[in-house]
There are 2 protein chains.
Amino acid sequence: MTGPTTDQTPETAPSTKPAATTISFARGAPSTDIVDVEGLKQAAVTAFDADPAGMTGYGTAIGYVPLRRWIAEQHGVPESHVLVTNGSMQADAFLFDELVTPGAAVVTERPTYDRTLLGLKTRGGDLHLVTLEEDGIAVDEVEQLLRDGVRPVFAHVIPNFQNPAGYTLSLAKRRRLLELAHEFDFLLFEDDPYVDIRFSGEPLPRMLELDGGADSTHVVYACSFSKTVCPGIRVGYLVGPPALIDRIRVRATNTYIAPNMVAQGTVFQFVTGPRYAAALETVKNALAERVGLLDQALRTHLPQATFRRPDGGYFLWVSLPAGEGHDVARIAAEAAARGVAIVPGTDFLLEGGENAFRLAFSAVQPGDVDEGVRRLAAAIEAARS
Amino acid sequence: MTGPTTDQTPETAPSTKPAATTISFARGAPSTDIVDVEGLKQAAVTAFDADPAGMTGYGTAIGYVPLRRWIAEQHGVPESHVLVTNGSMQADAFLFDELVTPGAAVVTERPTYDRTLLGLKTRGGDLHLVTLEEDGIAVDEVEQLLRDGVRPVFAHVIPNFQNPAGYTLSLAKRRRLLELAHEFDFLLFEDDPYVDIRFSGEPLPRMLELDGGADSTHVVYACSFSKTVCPGIRVGYLVGPPALIDRIRVRATNTYIAPNMVAQGTVFQFVTGPRYAAALETVKNALAERVGLLDQALRTHLPQATFRRPDGGYFLWVSLPAGEGHDVARIAAEAAARGVAIVPGTDFLLEGGENAFRLAFSAVQPGDVDEGVRRLAAAIEAARS
C-alpha cells in the first residue's frame, strides 16, 4: 500500500505527459458532464432565498437542520440518530477518533478502500482483513476470527458496489453479519456511499434497516452526496445509535463548530427539488453505459483477465492469471507511459495484489473506454517482457 | 471554564423563555441583516458559471486553487505557504494535532477564546496562560516563562480585537514577541479572524509581515471569512512555513480529501467581486454603531464597571469592582431570567473571572442595546442581594 491518491484529481499532475490525452481509469469521481451544474446553481439560489439566516449563520455540529430531518425521514429514524458532516470521510474520521484507540481490533474487507486502511492504521488499529468474495465479505472467516477471540470495535463493510472490487454483499450475508454483531457485541460500520447509483438488479435492504432502523443498536451507517450530487459539495452523514452520534457531535463541535451550511442548504434544495430524479437518472445511465463498454473492451482486449461486472458504483477489480509473475507497479508505469491511468491492487491491501488493479469507469468518456483498455493491454504485455 | 458554547446559535435553545424577547450579548456572530445575502447568492451563481468543474469536483486538501492564490497574493507569500480549510477552527485543530503532543508547553493569553483553551487541554497541552493587558499579552511575563525554562511549541495570540477582551496588541509588543520567538525558537500562532473588521484607528502590521512575510520562519497565521463574508460559509485558512503547511496538507487529505469547493469558490467570487467593498463597509459601520451604543449604555447603567471600548471586532470585556463578592454564574442566571444573555468571564480562564463577563455586540440590534444593558444592570443588582 503506497498511500491513497486515487479518488480525486491528483494534487500534482504529472508534468511529463499531456493530460488531455491520458485516459484515466484511476479517478473515482464523476466526469463533470454528468453533474447537474445548472440544477445545483438553482438549488443554491433557492436556498439563499428560502433560508438566508440558516445558510449564512454558524449553525451547529449536527448539520443543516432541514437536511438532517430529510435524511432521518429517508431512513425512518428520529433526527437524533443523524449527524451531517463535511463529506463522509470526515464522518469516518470522527468515528475512528471515537472508537479506534491504539490496539483496538477492527475487521475490514480485503481488498478495501485505501483511505479507510490508512485511517485505521494511523490510529493504531489492530487490523484484521477478511477475504472479499463476489457476494461480499467471507462471513465464515469473520466468525472464525470472533471464535478465536478477536473482539473488534467494529467491522467495516462497504455493502454495495464495493470500492475497489465493485461487489455487493448478499442478503444472507447481511443477516449473518448482524447475528454475529449481536452475538459478539460489536458494531457494523456500514459504509454505503454508492447505494443510490445502482444501475441494474434489485436493491437490497440496508443492515441498518435489518437491525431495526430506529431501534438499531449494532449498526452505524455512513453515506454521502458525493456520488448523487457532486464531490465538491462535501456533504456526508452518519446514522447510528443516538448516544454514539451525540459523542461524535461533541467531537465535531470541538473540531469545527459546525459543518458547511451553504453546502448543506444547497444539497437540501437540490435533493428535494424538481431536478433531482432526472439528475440521478443521468448519472446512473452514464455509469451503466460506461461499465457496459468497459466489460466489452476487457473481454475483447484482455481475455485472460477475470472480473465481475458490477450492478452499480464506480469500480471494478481486474485480476490477471496468478503464477505468471505479474508486477502491477510495472504495469501501472507502462500504462502511464501509454497514456492510461489505473490504480494498482496493492494500494487496497496490506500485502498481495501484484496481479490485480482497480478500474474506475466513472470519469471515462464512452468514446475513450475501448482505446483505454487497448493501451492497458499493451502495457500488460510490455510489463511481462 | 464550563465548555465553549458561546460563538454560535445555542445547540439547544432554552425552553423556558421566548427567544424573541431575549437580547443576546452572548452570540459572537453577525446578525443576518448585516450579511450581504444577495451578494453571496450572486457569487455562487458566478462561481458555478465560471468554473463548474472546479466547484463540483473533489479538489484537493490545499483548498480551491483560485482562492488560495488570492490569499497568497494578499499576504505577499507563495501559494505553498497557504492552506484553505473548512473554517479556521478546523485549521486550528489540524495545527494542534500536528504540534500539541501530550505535555507540550503552550503559551496563551489570559483570558482567551474558550474553544482554544478546550482544544489545547483536550490534546494534553501544558498550558501557560499569560496576563492580557490593554495593549496585548504581557511580554515581560512571556519572557520570564522562557527564562525560567518553559519551551513552548507555540504561543497563541489573537492580536486584533481579542476574543473575549477586545484588546489589540501594540506594535512594540508584536516586535518583542518576534524577538523572543527567534531567541527561544518557538512559533507564534497569530490567530487573526477579526483583523478586517476594524472600525476605528489605524491597522498595525501583522507579525507574519514583521517576520518577513514570504521569508517568515516563526509565525503561523490563521484567518477566516466568517466575519467578513459569513459564518455559515465555513472558510478559513493558514499561512505559514511551507514545510509545516505541507504536513498539515497531508493531515487534511487524510481527514476529508478536500475542503468545500462550492463554499470556497463562492467566497472567491464574493471577495473579488463588485459588492465586497460595500459589504465590508456595511459590517464595519454596523459594528461601530453597536459598540458606540454599548459604550454609552454601560457608562449610563453600569458606572461601576470597567471596560475598554474596542477599535474593531465583536467583543468587549467588562469587569465589576473586585472584592465585592461578585458571582458571574449567578449574574448570568439572573440576566437570563430577565431576557439578556452574556458569557461569564470564567469561561475564558482556567481559574478566576467571577467578576467579569464578555459582551458581544455583533448580533444585537441597535434598538436593543440600551434595554439589554438596563436588564443586565438589574441582574447584577439582583445577584448581589
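On a predicted model such as this, the values are computed, not experimentally measured, just so you know.

### Description of the interface of chain A and chain B
No. 1: Facing 51 residues of chain A, the contacting portion of chain B comprises 51 residues.
No. 2: Between chain A and chain B the total buried area reaches about 4,200 Å² when both faces are included, carbon and sulfur atoms providing 60% of it.
No. 3: Here chain A and chain B share 2 salt bridges between them.
No. 4: Linking chain A with chain B are 18 residue pairs in polar contact (both at pLDDT 80 or more).
No. 5: Per element, the largest residue contribution to the side of chain A that touches chain B is 7 residues, and it comes from helix α1 (residues 37-50) of chain A.
No. 6: Looking at the side of chain A that touches chain B, its residues break down into 27 nonpolar, 16 polar and 8 charged.

### A short note on the domain arrangement of chain A
All names here are of chain A.
No. 1: Assigned domains of chain A: these are domain 1 (19-36 + 277-384) and domain 2 (38-271).
No. 2: Once you take the C-alpha centre of each, domain 1 and domain 2 turn out to be 26 Å apart.
No. 3: Taken together, the contact pairs 25 residues of domain 1 with 33 residues of domain 2.
No. 4: Approximately 2,400 Å² of surface area, both sides summed, lies buried where domain 1 meets domain 2, with 67% of it carried by carbon and sulfur atoms.
No. 5: At the boundary of domain 1 with domain 2, the tally comes to 1 salt bridge.
No. 6: Note that R308 and E134 form a salt bridge whose closest N and O atoms lie 3.4 Å from each other.
No. 7: Along the contact surface separating domain 1 from domain 2 lie 9 residue pairs in polar contact (both at pLDDT 80 or more).
No. 8: For the side of domain 1 that touches domain 2, the elements supplying multiple residues, two or more each, are α11 (276-301) and β10 (315-319).

### Side note on the pairing of strand β7 (residues 187-191) of chain A
All names here are of chain A.
No. 1: Counting buried positions over the 5 residues of β7 gives 5, a clear majority of the element.
No. 2: Side-chain alternation along β7 places L187, F189 and D191 on one buried face and L188 and E190 on a second face that is also buried.
No. 3: As judged from the 4 bridges shared by strand β6 (residues 154-157) and β7, these two strands associate in the parallel manner. Of the residues in β7, the one forming a bridge with F154 is L187.
No. 4: Note that the unit made of β6, helix α7 (residues 171-184) and β7 has a crossover that is right-handed.
No. 5: Judged from the 4 bridges that link them, β7 and strand β8 (residues 219-224) form a sheet pairing that is parallel.

### Details of the environment of A:T266
Residues and elements named next belong to chain A.
No. 1: Secondary-structure assignment places T266 in helix α10 (residues 261-271).
No. 2: For T266, a relative accessible area of 1% translates into the label buried.
No. 3: It is 7.9 Å that separates the C-alpha atoms of T266 and T46, two residues lying 220 residues apart in sequence.
No. 4: In contact with T266, not counting residues within four places along its chain, are L40, A43, A44, A47, M55 and I233.

### Quick word on the sheet that holds β8(A)
Residues and elements named next belong to chain A.
No. 1: A sheet is described by the order of its strands in space; here 8 strands give the open sequence β2-β9-β8-β7-β6-β3-β4-β5, paired in mixed fashion. Whereas interior strands pair on both sides, the edge strands pair on one side only; in this sheet they are β2 (82-85) and β5 (136-137).
No. 2: Relative to strand β4 (residues 126-133), strand β3 (residues 105-110) runs parallel, the two being bridged by 6 bridges. What sits directly across from V107, in β4, is H128.
No. 3: Against the sheet, helix α4 (residues 88-99) makes contact with β2, β6, β7, β8 and β9 (236-239), and its axis sits at roughly 165 degrees relative to β7, the strand it touches most.
No. 4: The strands that helix α5 (residues 114-122) touches are β3, β4, β6 and β7; relative to β4, the one it contacts most, it runs at about 160 degrees.

### Re the packing of α4(A) against helix α9 (residues 242-256) of chain B
No. 1: The geometry of α4(A) relative to α9(B) is characterised by a closest axis approach of 6 Å and an angle of 95 degrees between their N-to-C directions. By the angle between their axes, α4(A) is roughly perpendicular relative to α9(B). Residue-level inspection shows A:M89, A:Q90 and A:A93 of α4(A) in contact with α9(B), the latter providing B:T253, B:N254, B:T255 and B:Y256.
No. 2: Along the lines of polarity and charge, the residues of the contact of α4(A) with α9(B) split into 3 nonpolar, 4 polar and no charged.

### Section: the relation of the copies chain A and chain B
No. 1: Superposing chain A onto chain B requires a rotation of 180 degrees together with a translation of 0.0 Å along the rotation axis, leaving an RMSD of 0.0 Å. Classification of the inter-copy transformation places it as that of a two-fold axis.
No. 2: Most of the interface of chain A is mirrored in chain B, where 100% of its interface residues are also at the interface.

### Considering the pattern of salt bridges
No. 1: Inspection of the entire model under this criterion finds 48 salt bridges over all chains.
No. 2: The partner of B:R290 in a salt bridge is B:D33, with the nearest N and O atoms 3.4 Å apart. Taken as a pair, B:R290 in helix α11 (residues 276-301) and B:D33 in the loop between β1 (23-24) and α1 (37-50) lie far apart in primary sequence, 257 residues in all.
No. 3: By relative accessible area, which is 2% here, B:R290 ends up buried.
No. 4: Assessed through its relative accessible area of 47%, B:D33 is described here as partly exposed.
No. 5: As a salt-bridge pair, B:R309 and B:D295 come within 2.9 Å of each other at their nearest N and O atoms. Of this pair, B:R309 sits in the loop between α11 and β10 (315-319) while B:D295 sits in helix α11; the two residues are 14 residues apart in sequence, bridging distant segments of the chain.
No. 6: In this structure B:D295 comes out as buried when scored by relative accessible area, which is 6%.
No. 7: Linked by salt bridges that have partners in common, A:E143, A:R147, A:R176, A:E179 and A:E183 make up one network.

### A short note on helix α10 (residues 261-271) of chain B
Residues and elements named next belong to chain B.
No. 1: In terms of burial, α10 is a largely internal element, 11 of the 11 residues being buried.
No. 2: Listed in full, the buried residues belonging to α10 are M261, V262, A263, Q264, G265, T266, V267, F268, Q269, F270 and V271.
No. 3: Looking at the buried positions of α10, the neighbouring elements they touch are α1, α2 (52-56), α3 (65-75), β2 (82-85) and α11.
No. 4: For α10, the N-terminal capping position is held by N260, with its side-chain oxygen 3.2 Å away from the main-chain nitrogen of V262.

### Concerning the environment of A:P274
No. 1: Tracing the sequence through the fold places A:P274 in the loop between α10 and α11.
No. 2: Here A:P274 falls in the exposed class, since its relative accessible area comes to 84%.

### Quick look at the pairing of β3(A)
Residues and elements named next belong to chain A.
No. 1: By the criterion of burial, β3 is predominantly enclosed, with 5 of the 6 residues buried.
No. 2: You can see the chain leave β3, run along α5 and come back into β4, and the turn it takes is right-handed.
No. 3: Where β3 lies against β6, 2 bridges are found, and the strand directions are parallel. The residue of β6 that forms the bridge with V106 is F154.

Rules used throughout
Residues numbered from 1 in each chain as written. Chains lettered and ligands numbered in written order. Predicted model: local features only at pLDDT ≥ 70, side-chain atom pairs only at ≥ 80, totals over all residues. Heavy atoms only, no water. Contact = heavy atoms within 4.5 Å. Buried area = accessible area lost by both parts, 1.4 Å probe. Salt bridge = Lys/Arg side-chain N within 4 Å of Asp/Glu carboxyl O. Polar contact = N/O pair within 3.5 Å; in protein donor to acceptor, adjacent residues only side chain to side chain. Helix = DSSP H or I, 4+ residues; strand = E, 2+ residues; numbered from the N terminus. Nonpolar A, V, L, I, M, F, W, Y, C, P; charged D, E, K, R; others polar. Domains from an automatic or database assignment. Buried < 20%, exposed > 50% of the residue type's maximum accessible area, 1.4 Å probe, protein only. Pairing = 2+ DSSP bridges. Right-handed = clockwise from strand over helix to strand, strands pointing away. Axes fitted to C-alpha atoms, helices over the stretch in contact; angles between N-to-C directions. Parallel < 35°, antiparallel > 145°, perpendicular 65-115°, else oblique. Least-squares fit on C-alpha atoms with pLDDT ≥ 70 in both.

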